[in-house]
Amino acid sequence: MIEFCRERLAGFKKPRTVEFVDALPKNSLGKILKADLRRRFGSAFAPEP
């Protein structure tokens, strides 16, 4: 996945990591719970210094 992006995207847009999950956390209305994603994958979303 990263190699695919490396060939097609600018360096700053390329993802550093890729993690596959069975399902995204959603509320009763079907919206994705971004806060839960940040708690679970927080280090992946942190900007590089």
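In every chain, residue numbers begin from 1 and rise along the written sequence. Note on the predicted model: pLDDT of at least 70 is required for a residue's local features to be given, and 80 or more for side-chain atom pairs to be given and counted; whole-chain, interface and lining totals, by contrast, use all residues. Hydrogens and waters are ignored; side-chain quantities use all the structure's heavy atoms.

## A short note on the overall build of the protein chain
Stage number 1. What counts as a helix is a DSSP run of H or I of at least four residues, what counts as a strand is a run of E of at least two, and both are numbered from the N terminus. A count of helices and strands for the protein chain gives 2 helices and 0 strands.
Stage number 2. Throughout, a contact is declared for two residues whenever any of their heavy atoms are within 4.5 Å. Within the protein chain, counting contacts between residues at least 6 apart in sequence, those at least 24 apart form 17% of the total.
Stage number 3. A total of about 4,600 Å² of accessible surface is found on the protein chain, and carbon and sulfur atoms cover 56% of it. Each accessible area is a Shrake-Rupley result for a 1.4 Å probe, and residues are judged covered by the shown protein chains and nothing else.

## As for the environment of R16
Stage number 1. Topologically, R16 is positioned in the loop between α1 (2-8) and α2 (34-45).
Stage number 2. A sequence separation of 14 residues divides R16 from I2, and the C-alpha atoms of the two residues are 7.5 Å apart.

## Re the environment of I2
Stage number 1. If you trace the backbone, I2 turns up in helix α1.
Stage number 2. A relative accessible area of 23% places I2 in the partly exposed class.
Stage number 3. Discounting chain neighbours no more than four positions away, the residues touching I2 are K14, P15, R16, T17 and V18. Using a 1.4 Å probe on the protein chains alone, a residue whose accessible area is under 20% of its type maximum counts as buried, one over 50% counts as exposed, and one in between counts as partly exposed.

## Notes on the pattern of salt bridges
Stage number 1. Here a salt bridge means any side-chain nitrogen of Lys or Arg lying within 4 Å of a carboxyl oxygen belonging to Asp or Glu. In this structure the tally under the stated criterion is 3 salt bridges.
Stage number 2. A salt bridge links R6 to E3; the shortest N-O distance between them is 2.6 Å. Highlighted residues: R6 and E3, both in helix α1, separated by 3 residues, approximately one helical turn.
Stage number 3. E3 sits in the partly exposed class, given a relative accessible area of 42%.

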